[in-house]
Each structure stands twice: as structure tokens, then as C-alpha cells.
Amino acid sequence: QGTMAEKILVTGGAGYIGSHCVLELVGAGYAPVVIDNFHNAIRGADALPESLRRVQQIVGQPITFQELDITDEAALQELFSQHRFSAVMHFAGLKAVGESVQKPLDYYRVNLTGTIRLLETMKAHGVRNIVFSSSATVYGDPKYLPLDENHPVGGCTNPYGKSKYFIEEMIRDLCKAERDWNAVLLRYFNPIGAHESGMIGEDPQGIPNNLMPYVAQVAVGRREFLSVFGNDYKTDDGTGVRDYIHVVDLAKGHIAALKKLKENCGCKIYNLGTGTGYSVLQMVRAMEKASGREIKFKITGRREGDVAACYADPALAERELGWKAAFGLDKMCEDLWRWQLQNPTGF
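Everything numeric here is computed off the predicted structure, so don't read it as measured data.

### Things to note about the overall build of the chain
Line of reasoning, step 1. In terms of helices and strands, the chain carries 11 helices and 13 strands.
Line of reasoning, step 2. By the compact-globule yardstick of 20 Å for 347 residues, the chain fits well, its C-alpha radius of gyration being 19 Å.
Line of reasoning, step 3. Once the C-alpha set of the chain is aligned to its principal axes, its extents read approximately 55 × 45 × 40 Å.
Line of reasoning, step 4. For the chain, with 347 residues in total, the buried portion stands at 54%.
Line of reasoning, step 5. Contacts spanning at least 24 positions in sequence make up 78% of the contacts within the chain whose residues lie at least 6 apart.
Line of reasoning, step 6. For the chain, the computed accessible surface area is about 15,100 Å², with 47% contributed by carbon and sulfur atoms.

Right, dumping it as C-alpha cells:
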């Protein structure tokens, strides 16, 4: 093409969601520039994270990558001097709910200071477009369901959720103060699944914090059984209900968000979910179906900070972004199972 592809900075782009977004960015004709500090990514050949080495194989073209920590202001300044970015997709951050309760300062240091330094560097270099990776945890304990974007935020039950809420507030204040800024804050529900090639997917280090990677590891024989935290919630089968979204649908939502920035949209907030809640036991059954294997589980006590049910009203994103989740539960589980089967120990 005649025009140069737009450069998009992707922070934390070697992670689970980041790597799937990098793939979609290339597919949509953008030129992603990825930074990551390997906190949650495995090193592959050629100084690249293994996830991005595989993205290169899938798309058949090189991905620009630099090892960089978002809390390193000097390195960020240098990076922004080298490239002209049209927008930033910000995924980098610590993300384990349980760990955040144990190590709150780590979460505030990385997530808050990292984002402040990123925003300051963007400002210094005249880059005023950002898509931020937020979370449904900002809603706290649901007052009503499904959760729309007007639901109160800030009653977060853990430091991870609070850090996402604080960052949302910072970006909102920035957009109010400086009218030429555009931001899309995306509140994810529960991303699962993997690219259908089976080459990239979620690769938790250590014991998975999220339900589905754990379920998949039980199915593949890496773990003996699943612990189900609580079966006495006010839900149909007593187990917690969540809105699961295919990671490829989620990634496509980010492409839609980039297009929204082009409209000089100011600060916009959208839920990325399917609008359907599934219980833990429904998810276990769906994964048994996809894998053809029995998944053993034990009921244990409730986990601190867990809510009974949490699912999205995704109508606003459909109306304003023209985006809607396309993949259902069977596809999510089939793709997760293919990834797990082909990569029994992850990357």
C-alpha cells in the first residue's frame, strides 16, 4: 500500500491478551511495536518472547519487539523518540487478584506508576490516543445484573481491581483536562480460549489463578482435580457465575476501539463480554464435552472477594463500536483444548 501502516505501541504485548491483539493488529493492517518485561512471558529464540515468535509464524511477517519495563521512564522516552506512534494499547500490568491482596504495593507501583509514566511520555511526544485494558472487577459486588457501563464503580474487592479503577479515573481526568486526548477504556469480563491455530494461548506460570486454564490442565492430566470454591451461592447450581469471552473476540474489540479513537471520541468506556453467564459446573461440563475427558473436582470453601454472579450488558459496545462477540462456549472450549493438547506444558 502507498501509505505507511500506522504504528501502534502495545505494552505487555507478549502476554495472553496482548499476543492475540498483536495478531489481530497485523491482520487489520497496523504495524504493532511491542514492549514487554517478561514478567509473565516466556523467552523464545531471537530475543523474542515465545508467544510473539509464534505470532510471527502465524502471520508470516516479523513483529517489532523491545524488552522494556513500563516503570522505566528513560527507556520509554527513548522508545517514543525512535517511533511515531498513532496510538497506544496498554496491557502491561500485574493481574493476579489473590496475589494483589498479599502484595498491594507491588500492584500499585507497577500498575499505577507504570501507567503514569506511560501517559507522561505519550504527552511529551504528542501521542494522545490510548486503548486501556481495564476489567469488570472495577464494578465490585454487582448491585444489579447484567452490568452496564453506568453501574457504580470503585467498590473493588481487591488491590488489582482498585488499580484498574484508579487508572480509569486518571485517564478520565486527563481527557477532561486536555480535550485533544482520546481514550477507550475496555472493561473485560473473563477471557478464555485461544487462537484456532493452537499455537498461542494462555500460559499461566505456576498454579493458574483463573478457572479455565486450571480446568484444561486437569483435563490434560497435568493436575489431579479442580477445587471449586463454594457451591452455596445464590445461583442455579450454587457455583459462581461469570461471563466468559473468547480471547479472539476480545482482540477484535480492540481493533474496533482503535477505529473509535479516530473519531476524536474523548473518553469512552465499554464492556467487552458476551452477556451470558455460565456457572463453574457448566464450564466444567463444557470442557468435558470439548476434551472427551472426565474432569475431577472437589467442592471447597468460598474464596475471599468472590461474588456470586457477574456478567455483562454488552449492548453499548455493539451500538457504538459496531462490535459483538461472535464465538460461543463450545468454540471457546474447543480452542482452549486444542491449545492445551498441543502445548501440555505451555510455551
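### Here's the deal with the packing of aromatic side chains
Line of reasoning, step 1. Counted according to the given criterion, the structure contains 6 aromatic pairs.
Line of reasoning, step 2. Between Phe80 and Phe85, the ring centres sit 5.1 Å apart and the planes meet at 75°, which makes this aromatic pair edge-to-face.
Line of reasoning, step 3. Looking at Phe80, the relative accessible area reads 4%, which means it is buried.
Line of reasoning, step 4. With a relative accessible area of 7%, Phe85 lands in the buried category.
Line of reasoning, step 5. Ring pairs connect the aromatic residues Tyr108, Tyr165 and Phe166, which therefore count as one cluster.
Line of reasoning, step 6. Note that Arg43 overlies the ring of Phe38, its terminal NZ or CZ placed 3.9 Å from the centroid.
Line of reasoning, step 7. Above the ring of Tyr214, the side-chain terminus of Arg223 is found at 5.5 Å from the ring centroid.

### With respect to the UniProt feature "domain: NAD(P)-binding" (unreviewed entry) in the chain
Line of reasoning, step 1. Per the UniProt record, "domain: NAD(P)-binding" (unreviewed entry) is found at residues 9–335.
Line of reasoning, step 2. In residues 9–335, the share of helix is 39% and the share of strand is 19%. The end C-alpha atoms are 27 Å apart.

### Thoughts on helix 6 (residues 159–177)
Line of reasoning, step 1. An ideal rise of 1.5 Å per residue puts 27 Å on 19 residues; helix 6 measures up with 27 Å between its terminal C-alpha atoms.
Line of reasoning, step 2. Those residues of helix 6 that fall on the buried side of the exposure criterion are Pro159, Tyr160, Gly161, Ser163, Lys164, Tyr165, Ile167, Glu168, Ile171, Leu174 and Cys175.
Line of reasoning, step 3. The backbone nitrogen of Tyr160 has a side-chain oxygen 3.2 Å away, supplied by the residue at the start of helix 6, namely Asn158.

### Section: the side chain of Asn129
Line of reasoning, step 1. With respect to the element layout, Asn129 can be found in strand 5 (residues 129–135).
Line of reasoning, step 2. Here the side chain of Asn129 touches Asn182 through a polar contact of 3.1 Å, side chain to side chain.
Line of reasoning, step 3. Excluding its chain neighbours within four sequence positions, the residues that come into contact with Asn129 are Ser86, Ala87, Val88, Met122, Asn182 and Leu261.

Parameters at a glance
- Residues numbered from 1 in each chain as written.
- Predicted model: local features only at pLDDT ≥ 70, side-chain atom pairs only at ≥ 80, totals over all residues.
- Heavy atoms only, no water.
- Helix = DSSP H or I, 4+ residues; strand = E, 2+ residues; numbered from the N terminus.
- Rg over C-alpha atoms; globule rule 2.2 N^0.38 Å.
- Buried < 20%, exposed > 50% of the residue type's maximum accessible area, 1.4 Å probe, protein only.
- Contact = heavy atoms within 4.5 Å.
- Areas by Shrake-Rupley, 256 points an atom, 1.4 Å probe, with all protein chains shown as cover.
- Phe/Tyr/Trp six-rings, centres within 6.5 Å; stacked < 30°, edge-to-face > 60°.
- Lys NZ or Arg CZ within 6 Å of the ring centre and 35° of its normal.
- UniProt positions renumbered as here; feature names shortened; annotations may be inferred.
- Expected span 1.5 Å × (residues − 1).
- Polar contact = N/O pair within 3.5 Å; in protein donor to acceptor, adjacent residues only side chain to side chain.

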